[in-house]
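Topology and contacts: notes
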Amino acid sequence: RPSVTRGGGGVRGCLRLGGFGHQGRPEIGVGQTLVVSHVTDDAAFAGQTENYAALEIGALIACPLLRQGRLLAIMMVQQTAPRRWTDAEIVLVKEVAGRCRAIIERASAEFVLREHEQHLRLVIAASNDGTWERNSKNGPLICAERRPEMHGPGREAFPPPVEAPPPPRPPAQP
């Protein structure tokens, strides 16, 4: 999807990180924010300035997102012309990148959970088994949809699950 630009063209597709000089910047690999006020004056970008010029990038802040020491993504804020970034702007970009990291981590965990749940459903269906669960303190018995057919009678004839009794109340204090 296109990048967000004001008055510029957008970027579609994936761009190789190696074409933008980031591999020459050790701070990216260790999770430190990279602040560049003038791309063409930075020696680490020598040889890649035409890539930045084509994208109309004159200055940038790049916040790497790492997981277990591995680069996942880079959140980049850029300016078309060279400029000096303020401390407040740098802090803001870092805060937004931190929020993005949390969202990415949660989405990743939810994806893994969905994958595991689907796998479990397939295993249960293939084994012709069912499941049940109950919150041991106060929850109702939750049974698999297949429970009636597993136990013999039709679904309508099978009694509903038994609700758990409410937890006992503590004795009154005198």
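Calculation criteria
Residues numbered from 1 in each chain as written. Predicted model: local features only at pLDDT ≥ 70, side-chain atom pairs only at ≥ 80, totals over all residues. Heavy atoms only, no water. Disulfide = S-S within 2.5 Å. Phe/Tyr/Trp six-rings, centres within 6.5 Å; stacked < 30°, edge-to-face > 60°. Lys NZ or Arg CZ within 6 Å of the ring centre and 35° of its normal. Core = buried A, V, L, I, M, F, W, Y, C linked by side-chain atoms within 4.5 Å. Buried < 20%, exposed > 50% of the residue type's maximum accessible area, 1.4 Å probe, protein only. Helix = DSSP H or I, 4+ residues; strand = E, 2+ residues; numbered from the N terminus. Contact = heavy atoms within 4.5 Å. Expected span 1.5 Å × (residues − 1). Salt bridge = Lys/Arg side-chain N within 4 Å of Asp/Glu carboxyl O. Pairing = 2+ DSSP bridges. Axes fitted to C-alpha atoms, helices over the stretch in contact; angles between N-to-C directions.

**A look at the state of the cysteines**
- What the rule picks out here adds up to 0 disulfides.
- Cys 63 takes part in no disulfide bond, and the closest cysteine sulfur to it belongs to Cys 100, at a distance of 9.6 Å.

**Comments concerning the packing of aromatic side chains**
- By the definition in use, this model includes 0 aromatic pairs.
- Residue placement shows Arg 83 over the ring face of Trp 85; its charged tip is 4.3 Å from the ring centre.

**Concerning the nonpolar core**
- Grouped together as the largest cluster of nonpolar side chains are 9 residues: Ile 28, Leu 34, Val 36, Val 39, Phe 45, Tyr 52, Ile 57, Leu 60 and Ala 62.
- If you list the elements that add at least two residues to this core, you get β1 (34-36) and β2 (59-67).
- Among residues more than four places away in sequence, those in contact with Leu 60 are Leu 34, Val 35, Val 36, Val 39, Tyr 52, Met 76, Val 77, Gln 78 and Trp 85.
- The next biggest cluster of nonpolar side chains, apart from the first, holds 8 residues, and it includes Leu 65, Trp 85, Ile 90 and Ala 97.

**Considering helix α3 (residues 87-127)**
- End to end, α3 covers 60 Å across 41 residues, agreeing with the expected 60 Å (1.5 Å per residue, within 8%).
- When α3 is considered as a whole, its buried residues turn out to be Ile 90, Val 93, Ala 97 and Ile 124.
- Structurally, α3 contributes buried residues whose contacts are with β1, β2 and β3 (70-79).
- One or two steps after α3, the chain reaches Asn 128, where phi turns positive at roughly 60°.

**Describing the pattern of salt bridges**
- Evaluation of the coordinates by the stated rule reveals 3 salt bridges.
- The salt bridge involving Arg 67 is made with Glu 105; its shortest N-O contact spans 3.2 Å. Residue Arg 67 is located in strand β2, and its partner Glu 105 is located in helix α3; the two are separated by 38 residues in the primary sequence.
- Across the pair Arg 83 and Glu 89 runs a salt bridge whose closest N-O atoms are separated by 2.9 Å.
- Using a relative accessible area of 24% as the deciding quantity, one classes Arg 83 as partly exposed.
- Here Glu 89 falls in the partly exposed class, since its relative accessible area comes to 24%.

**Considering the pairing of β2**
- Burial of β2 is extensive: 8 of the 9 residues sit out of reach of the surface.
- Strand direction decides the pairing type here: β2 and β3, joined by 9 bridges, are antiparallel. When the sheet's bridge partners are listed, Leu 60 is paired in β3 with Gln 78.
- Between the end of β2 and the start of β3, which pair antiparallel, lie 2 residues, with Gln 68 showing a positive phi angle near 50°.

**Here's the deal with the sheet that holds β1**
- Spatial strand order, β1-β2-β3: 3 strands in an open sheet with antiparallel pairing. Two strands in the sheet have a free side with no partner beyond their single neighbour: β1 and β3. When strand polarity is set aside, the average angle formed by the axes of neighbouring strands in this sheet is 15°.
- In the packing of α3 onto the sheet, the strands contacted are β1, β2 and β3, and the crossing angle to β2 comes to about 30°.

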